[in-house]
Amino acid sequence: MLDIHSMIEANRSGKPVGLPCFCTANEHVIGSILGFAARSGFPTVIEATCNQVNQDGGYTGMQPADFMRWIERMAGEAGVPMEQLVLGGDHLGPNAWRREPVETAMEKARELVKLYVEAGFTKIHLDASMACGGEPNPSFTQIAERAADLCAVAEKYAPDPEALIYIIGTEVPIPGGETEEPDALDVTSVPRFQDTIDTHRAAFEARGLARAWSRIVSVVTQPGVDFSHTSIFRFVPEAAAPLCRAIEDAPGLTFEAHSTDYQPTEALRELVENHFFFLKVGPELTFRFREAVYALAEVETLLSPAKPSRLAETVAAVMAAKPGDWQDYYAGDDARIELLKRFSYSDRIRYYWNDAEVAAALTQMMANLSEQPLAETLLSQFFFGRDFGAPPASAQTLIAEHIERAVKRYFTACGFEE
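Residues numbered from 1 in each chain as written. Predicted model: local features only at pLDDT ≥ 70, side-chain atom pairs only at ≥ 80, totals over all residues. Heavy atoms only, no water.

## Quick notes on the pattern of salt bridges
Summed over all chains, the structure comprises 27 salt bridges. With its nearest N and O atoms 2.7 Å apart, the salt bridge here joins Lys-322 to Asp-355. Of this pair, Lys-322 sits in the loop between α11 (311-321) and α12 (334-343) while Asp-355 sits in the loop between α12 and α13 (356-369), and the two are 33 residues apart along the sequence. A residue is classified by how much of its surface remains accessible, and Lys-322, at 44% relative accessible area, is partly exposed. Overall, Asp-355 belongs to the buried group, its relative accessible area being 14%. Among the ionic contacts, a cluster of salt bridges with common partners joins Glu-47, Asp-90, Lys-123, Glu-256 and Lys-280. (Salt bridge = Lys/Arg side-chain N within 4 Å of Asp/Glu carboxyl O. Helix = DSSP H or I, 4+ residues; strand = E, 2+ residues; numbered from the N terminus. Buried < 20%, exposed > 50% of the residue type's maximum accessible area, 1.4 Å probe, protein only.)

Here it is as C-alpha cells:
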C-alpha cells in the first residue's frame, strides 16, 4: 500500500518527489489516466470535488459511493489494482450550499464528508473557507473550527480512520481558474500560513482530535500560480521563497498547490522541489481531451461519412441553448465570447460532454471513425506528436495519447520515470 507519509518525509528532506492529483469526472479522461497507471504502475490520485459528486448528485449525478463504484469498474477494466489508487475528496465543506444559512450549509457538509469517507475516499480536503448565507467572510478561527467539526465526522464514520490523510488550508484559488484577468497573484504570506496552522491546531485540540492532527499532511497555500481565460501565472520560486522555507518549521507537513494546470513542466518540478508535494490538475486534462476530439471531428468531416456527427456544431448549439455553465465567466463582444467558449484555459466546455445531445454526437463520431482505417497521412495533419511509422491508431487511442501528454508530464515533474 502507498506510504504517503514516507514520501512526504522524503520531500521534506529535499528529494524532488511528489504526487499529481487528477481532479476530473470525465470518463474518457479517467480512462486515459487509468490506462497510463496500468502501464506505468505509478501510484495515482483521482479526486472528485464537492460540486461534481455529493449527496444531491452534483453535476455528475453521482453520490460518493456511485463515483467509487464507477472508478472500481473502470480500474478493473484497465487492469489497475485499487491498492495503486488513492481516491480523494476536494473542497469538502459547505461550498455547494454556501447560499444557505451557515448551520444548514454545515449540516449538509457533515453529511457530505460522512458519505465520502464511508465510500472509501481517504484523501480528504477540509475546506470551510467560504462565507455562507450572506455572513461576513469567516475568520481564520471560524474556518478552523468548522474544519475540525468536519474532521470529527470523518474520524467517526471512516471504516479505518488511520487510513485517512487530511489537507487543510484557506488560501484556496478560485476553482476552475480566475474569472477575470488579474495582473499578478499574491503569494500566501508567512503570517497567514502560520495563522492557518495555529488556528487549526487549536481547533483540533479543542475537539480532542490529536490523532487526526497527525494525519494532516498538506496545507493549501497560494504559491503564485493560477490561470485565467487567456493567461498563465507561472511559478516564481524567488517570490515564494519565504513561504517555502516556513514549511520546514512545521513537522510532517508539505504544501498542496491548486490550479497548477498549464504550468510549464519545469515550473511544476520547481513547485515539487519547494515542498509543494501535491499538484492538482483538472481543466488541463479536459482541455487536451477537447483538442483531440475536435481534431478527430475535422478528420471525420474529411472522410464524409454517410451519417456525420456534426459534433462541433452540436456542442456550439447546446452551449448556446444552455449557457449556465459559461455565461457568468466570459465577457466581451460576440466574437471574443465564441473564442473563449471553445479555447479558454478555464475550459468551461468540459461541463457539456455529459449532455445527452453532445454525448450522442461524440458516440456517432467515434462510430464513424471506426468504420475504416485512419490513414497516417491524414492523422499527421492533426496529431503532430505521432512518429511516422507508428502503429495504426484508433480514434480512442489518439484521444488517450493526447490526454497522456498532460498525465506524463505531471508524473515527470513529481520525480517518476517510466
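## Some details on the pairing of strand β9 (residues 254-257)
Bridging between strand β6 (residues 216-220) and β9 involves 3 bridges; their strand directions are parallel. Across the sheet, Ser-218 pairs through a bridge with Thr-254, a residue of β9. One ladder, built from 3 bridges, connects β9 with strand β10 (residues 276-281); its direction is parallel. Considered in β10, the bridge of Phe-255 is made with Phe-276. Note that the unit made of β9, helix α9 (residues 265-273) and β10 has a crossover that is right-handed. (Pairing = 2+ DSSP bridges. Right-handed = clockwise from strand over helix to strand, strands pointing away.)

## Describing unusual backbone geometry
Positioned with a positive phi, His-91 is a non-glycine residue whose angle comes to about 55°. Locating His-91 in the fold gives a position in strand β3 (residues 85-92). By relative accessible area, His-91 is classed as buried at 8%. Its identity is not glycine, yet His-275 carries a phi of approximately 75°, on the positive side. As for its placement among the helices and strands, His-275 is situated in the loop between α9 and β10.

## Points about the sheet that holds strand β1 (residues 19-23)
Strand order in the closed barrel formed by 8 strands is β1-β2-β3-β4-β5-β6-β9-β10, and the pairing between neighbours is parallel. On average, adjacent strands in this sheet sit at an angle of 25° to one another, irrespective of strand direction. Running over the sheet, helix α4 (residues 102-119) touches β2 (44-49), β3 and β4 (123-126) and is turned about 180° from β3. Sheet strands touched by helix α6 (residues 190-206): β4, β5 (165-168), β6 and β9. Its angle to β6, the strand with the most contacts, is close to 140°. (Axes fitted to C-alpha atoms, helices over the stretch in contact; angles between N-to-C directions. Contact = heavy atoms within 4.5 Å.)

## Focus: the pairing of β5
Here β5 shows no split at all, with Ile-165 and Ile-167 on one side and Tyr-166 and Ile-168 on the other all buried. Here β4 pairs with β5 via 3 bridges, running parallel. By the bridge assignment, His-125 is partnered in β5 with Ile-167. Of the crossover connections in this fold, the one passing from β4 over helix α5 (residues 140-157) to the parallel β5 is right-handed.

## Re the packing of aromatic side chains
Summed over the entire model, instances satisfying the criterion amount to 21 aromatic pairs. For the pair Phe-227 and Tyr-262, a centre-to-centre distance of 5.3 Å together with 85° between the ring planes defines the contact as edge-to-face. Taken together, the positions of Phe-227 in strand β7 (residues 226-227) and Tyr-262 in the loop between β9 and α9 put the pair 35 residues apart, joining distant regions of the chain. Judged by its relative accessible area of 10%, Tyr-262 is buried. (Phe/Tyr/Trp six-rings, centres within 6.5 Å; stacked < 30°, edge-to-face > 60°.)

## Side note on helix α1 (residues 4-12)
Those residues of α1 lying buried are Ile-4, Met-7, Ile-8, Ala-10 and Asn-11. All buried residues of α1 lie within an arc of 155° about the axis, which places them on one face of the element. A side-chain oxygen of the first residue of α1 lies 3.3 Å from the backbone nitrogen of His-5; this N-cap is Asp-3. Looking at the residues trailing α1, positive phi occurs at Gly-14, about 110°. (Arc of directions from axis to C-beta. Polar contact = N/O pair within 3.5 Å; in protein donor to acceptor, adjacent residues only side chain to side chain.)

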